[in-house]
Each structure stands twice: as structure tokens, then as C-alpha cells.
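# Reading the structure
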Amino acid sequence: MRKGKMLTYINEQPFESYKMVYRSMTFIVVLFVALISFSCNDIVYETTKMMVPWPNEVNWKEGGYFTKKELNLELSDEGLRDVAIFFAMEAAPYIKVNLESTGSEKGLLALDIDSTLNLSDEGYILEIEANGIKVRAPSPSGVFYGLKTLKQLIWANYKEDGVWALPMGVIKDTPRFAWRGLMLDESRHFFGLEKVKQLLDLMAEHKLNKFHWHLTDEPAWRIEIKAYPKLVQVGSIGDWSNSSLNANFYTQQQIREVVDYAAARQIEVIPEIDMPGHASAANRAYPEFSGGGNKEHPDFTFNPGKEDTYSYLADILREVAAMFPSEYIHIGGDEVHFANAHWWDDAEVMSLMERKNLKDLKGVEYYFLNRIADSLGTMGKKIAGWDEISGSGINRNSSLVFWWRHDKPEVLTRMIQNGYPTVLCPRIPLYLDFVQHDTHEYGRKWDGAFGNAVQAYHFPDSLDVEIPINNPIVGIQACIWTERIANEKRLDFMVWPRLTAISEAAWTDQTLKSYDRFLKRLEEFLPFYGERNIGYFNLLNPNATPEPKWNNGPNWQNNH
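Read on for an overview of the structure. What you are looking at is a predicted structure, and each value in this text was computed from that prediction instead of being measured.

Calculation criteria
- Residues numbered from 1 in each chain as written.
- Predicted model: local features only at pLDDT ≥ 70, side-chain atom pairs only at ≥ 80, totals over all residues.
- Heavy atoms only, no water.
- Helix = DSSP H or I, 4+ residues; strand = E, 2+ residues; numbered from the N terminus.
- Buried < 20%, exposed > 50% of the residue type's maximum accessible area, 1.4 Å probe, protein only.
- Contact = heavy atoms within 4.5 Å.
- Pairing = 2+ DSSP bridges.
- Expected span 1.5 Å × (residues − 1).
- Salt bridge = Lys/Arg side-chain N within 4 Å of Asp/Glu carboxyl O.
- Axes fitted to C-alpha atoms, helices over the stretch in contact; angles between N-to-C directions.
- Phe/Tyr/Trp six-rings, centres within 6.5 Å; stacked < 30°, edge-to-face > 60°.

### A short note on the overall build of the protein
- Of the regular secondary structure elements, the protein holds 16 helices and 19 strands.
- Expressed as a percentage of its 560 residues, the buried residues of the protein come to 61%.
- Of the contacts formed within the protein by residues at least 6 apart in sequence, a portion of 72% connects residues at least 24 apart.

### Some remarks on the pairing of strand 8 (residues 132-137)
- Burial analysis of strand 8 places 5 of its 6 residues in the buried class, which makes it a mostly covered element.
- Relative to strand 8, strand 6 (residues 107-113) runs parallel, the two being bridged by 6 bridges. The residue bridging Leu 108 from the neighbouring strand is Gly 132, located in strand 8.
- Where strand 7 (residues 124-128) and strand 8 come together, 4 bridges link them in antiparallel fashion. Each residue of the ladder has a partner; that of Glu 127, found in strand 8, is Lys 134.
- Counted between consecutive antiparallel strands, the loop separating strand 7 from strand 8 contains 3 residues.

### Some words on helix 4 (residues 193-205)
- With 13 residues, helix 4 ought to run about 18 Å at 1.5 Å a step, and its terminal C-alpha atoms sit 19 Å apart, in line with that.
- Most of helix 4 sits out of view: 10 of its 13 residues are buried.
- If you check which residues of helix 4 are buried, you get Leu 193, Lys 195, Val 196, Lys 197, Leu 199, Leu 200, Leu 202, Met 203, Ala 204 and Glu 205.
- One or two positions beyond helix 4, positive phi appears at Lys 207, with a value near 60°.

### Points about the pattern of salt bridges
- Tallied over the full model, the rule gives 30 salt bridges.
- For Glu 127, the salt bridge is made with Arg 136, and the minimal N-O distance between the two is 3.1 Å. With respect to class, Glu 127 is no different from Arg 136; both count as buried.
- The residue Lys 151 makes a salt bridge to Glu 205 at a minimum N-O spacing of 2.8 Å. In this pair, Lys 151 sits in helix 3 (residues 140-157) while Glu 205 sits in helix 4, placing the two residues 54 residues apart along the sequence.
- You can call Lys 151 buried: its relative accessible area is 5%.
- Residues joined in a network through salt bridges with shared partners are Glu 90, Lys 148, Lys 151 and Glu 205.

### Quick word on the sheet that holds strand 11 (residues 210-214)
- The 8 strands lie next to each other as 10-11-12-15-16-17-18-19, forming a closed barrel whose pairing is parallel. The mean inter-strand angle of the sheet, taken between neighbouring strand axes irrespective of direction, is 30°.
- Set on the sheet, helix 15 (residues 498-507) makes contact with strand 10 (179-185) and strand 19 (473-480); between it and strand 19 the angle comes to about 175°.

### Brief notes about the pairing of strand 7
- Of all 5 residues in strand 7, 5 are buried; the element is thus mostly enclosed.
- Neither face of strand 7 is exposed, since Tyr 124, Leu 126 and Ile 128 on one face and Ile 125 and Glu 127 on the opposite face are all buried.
- Two strands pair when backbone bridges link them, and strand 7 and strand 9 (residues 166-173) are joined in this way by 5 bridges, in the antiparallel orientation. The residue bridging Glu 127 from the neighbouring strand is Val 170, located in strand 9.

### Here we look at the packing of aromatic side chains
- As enumerated under the stated definition, the model contains 32 aromatic pairs in all.
- Ring centres of Tyr 94 and Tyr 158 lie 5.4 Å apart, and the angle between their planes is 70°; on these two criteria the pair is classed as edge-to-face. With Tyr 94 in the loop between helix 2 (81-91) and strand 5 (96-98) and Tyr 158 in the loop between helix 3 and strand 9, the pair connects residues that are 64 residues apart, well separated along the chain.
- A relative accessible area of 13% places Tyr 94 in the buried class.

### A word on the sheet that holds strand 3 (residues 58-66)
- The 7 strands are arranged 3-9-7-8-6-4-5 in an open sheet whose pairing can be described as mixed. Single-partner strands in this sheet number two, and they are strand 3 and strand 5. Between one strand and the next, the sheet's axes are offset by a mean angle of 20°, whatever the strand orientation.
- Taken together, the 3 bridges between strand 4 (residues 70-75) and strand 5 define a ladder with parallel strand orientation. Residue pairing in the sheet places Leu 71 in a bridge with Val 97 of strand 5.

Shape is all these values report; function is a separate question.
Quick look at the structure:
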């Protein structure tokens, strides 16, 4: 397989305040890596562990500390009430937060919306003083993330018995990228409501804000559509391992439950409804809209020559749009050439080509994509898709493109030159179904190559594409494809802590990243996963966590 040429990534402009971030680097790293103690009061507090992703400006004060174990809440805006309640609930095992004032002897937790701050909406300033803590941000999202950092500091310093303390100082923070995403494929293997909620919890802990939910593909259709009930009655039967497995899908009520659960954690859910390829499950349910396929990928495509196909898909997308507030609906749009040769034998497709002067099947594919983009536009939605859609001429102002083909850097270059808003999610190093250690047996490789945590951590700075100052890169995203991930144990093993590394790559400025320092913090963070029964891969000691088998299904060999 041809390797892509090497490219050069030009970093975005950092904050002006970065200049002062590590003037005391030696002091912070050497003095504070160890626990700092004041023998006269037996006060011990921790400053360098547990904060993941690492904030973009940290300034501790010498000699001061915060010791209150109970906080009185003060809000500048009642719009912060939900964020405050969420923090109080999460922090309850470690510190008490009184949502109504109970007296001045307690520490003060002041939350403030400040539109004058020179930060993105998700940025924040966290100030810890001897008698109180203040979080200021331009929006509730920023306050939420400031409280997440505070919770990590509390977790690192919590002592069930004895005196504990937080360091005094100021953290000023804002994310490097606006899009910090994770995609989960539930067509190939279904994980269910509770596992999805756990993923959302952990995403929020790592300040990830986009959950891309891959709900339809060849193996199964996982979302209820009331206008077409057979999509789940027939289409949700089976998975990649076992084609006869009982039906598994999400009801519309469950979809809305996930969307609301995510929103409370400042996460946007983006659904993916695959078309015009990867449509086999849908076509099993409603074969009259099939455009055919081949032996390896039966009924792979929707029929782009049949007008009823567009009405059918519009009905589906209209119901999907009503469930998801996101401005985007992802339609896939990838790998159509795998199994669209049957279009040449379809009279309606041939008629379409003649009427619209389409010279080849690529032209048919692009016609389909533009029809769907227009249809989504009438619903107030924008089209999102894999990087193949960038050749279709869709409007760059109403689309979002995901660059996934790491071996085709020229596609990324063209997307950037054409100004398409772009999410970077290349197979290597951001596909979490790829092998992550050279001793592991299961998972994907590409020409023998795979993606590990260190590669993920250094992305996208390792890229070799020249990106202009006014660049269209909106962020990065990890993708969990589940052909080789059939159970929760393996899902955890493949995701954590690679996704921890990716979260820091997405949030922390390039100039402040250090993989060695990340590993030191990770050593303290791993118990956080353990307490939540997350079956992570211990990349600090690989022998301590043997690779789990990907599946024990009855007929997975037939689908290998």
C-alpha cells in the first residue's frame, strides 16, 4: 500500500499568556512532583498529579493552601444552577457543596459568567484562595470545565481521615480545539444504554465534547424510526460476530435520554445514518430501496436512481433530526465504490445519468450526496461525512468533513485548500480498533503499522500538511470501530488510556505538551479507572493487563 508523503503542521497561535506559564518550570516539576508538606500544621497537598488534560496556564502560590471541606455556593447567574448541581453531585464523595448558603465559616464557591474574559466559550479561570474558590468563564460550558479541573484537584488531594488541602493559585485555561470527539460504532457490536452513559461520563472527565454515534451500517440498524418499523424489527437483528443475534436497538425515548444525559455533561451527540453505501441492514428491511451490492457486501447501496429513495431517506432523516439537537447529521458517504457496480445494470440509475448528464458512477454518487445535503438543509441541518464527500462539490458553509484516510494526505490538503471545515480522525493514530502494542494479537494494522498512545498524544503536531493561519481545522476525533471489539471488557482495553492521551492532544497547546509528564500524571490517574471498573490497558506496565480476546461468538469466523 502506498505510503503518504510527509507533511508540516503549522501550529495555531498560542495564548499571549503562555509566555509566563512555565517561568518556574523547575520549581513546579522538581518541587511539586513530590507531595508538599508543612510540618507545623501537617498540611499536605498535591499540585501536579491528576489534571488531565493538562491546563494551558498554571500559576501556584507558595505557602498558601485551602483546607475547607465544605463549600457554600454563590452564583452570579441562575443559568449556572444546573452546572453547580452537577458538580455538587459529583464532588459529594469528597467535599460537601451547600447549594444554599449556610454561614460564613464555610469556604465560598463562587461561579461567575464573565463575557469580558479573553477566552473561548469553553475556557475558564479557576482561582483558589485561602477562604474560597472562584470559577469565572464566558459560558456555562467554561464553568463546567473549570469545575472539572477543581474536581480532579479535590480527588487528588482527598483524604478520608486526616488533614487535607488544595494549593492556592490560578489556572487560566481554554481548549486548543473546539471539536474534541469520540465516535462509537454500535452497528457492528451493540453495547447499550449504560455503557454509552459510562463513556459519556468519562468523556466529560477528559473535557471531550462531541459524541459521534455510528448507528447504522451493514451488520445492523440501531435506531427506531416510527415511519419504517421494519428497520429495527428486521434490520437490528444480528451483529458482525453473529448474524442471527436477537434484535438490539435504541428506542426514540432512549435516544433522547442519551442526548439529554450528554448535554448535562456539555457533550453534543451527532448521529450517523450511513448512505448511499453501508446500507445493507436497511435494505434487508426495505429491499425496494436497494441499489444492490456484491457477494462480499450484499445490498450495500441505496438506489440513487429511484425518486422514492429520496423520499424514504428524507422521512428517516426528519425523524432523526427531531431526536438530535446537533446542527449536524453525519451521513457517512464513504467507500461507495466497494459495491456499487450494480448501478450500471439498473435502468433507473441509467435514466438518471442520462437526464442529469452524469458521466460515471462517481457522478451518480455525488448527485446523491448533494440531494441529501439539500434535504438536510430544509430541516435546518448541515451535512457531515467522511472525506470522500469533499469531492462532491457540497457547500463548504453547510458541511463538515472528517479526514480519515491517513494514507491519503493529498485529500486533506485539497480539503484545506477548498476551505472545508475539517475534523482530523486518521486511522493511524486515532482509530482505537487498531493494535496499540507490538505484543497484542487482535485488532487492525495497516501495512504492519498500528497506533499507540505516544503517537496519539503527539497528534496532530506530527502531521506533515501545511495548514494556513486561517485554517479550517475544527478539531480531532478518536474513532472506535467494533469489528474486533465485541464486549465491554475489550472496549475498555482498546480505549483507555489512549483516549486519555488524545484528550490532552485535543485540549492542551502544543508548546505545553510533554509525553513524559503525561505518563507521570497517568500513573496517578489509573486508579481513577480502577475505581470505576474500567478494564484499561496499563501502558506503563503492559504485562499487568493481558490483552482480552475480542470475541467468543458462535460464528464469528464466518464474518472474519
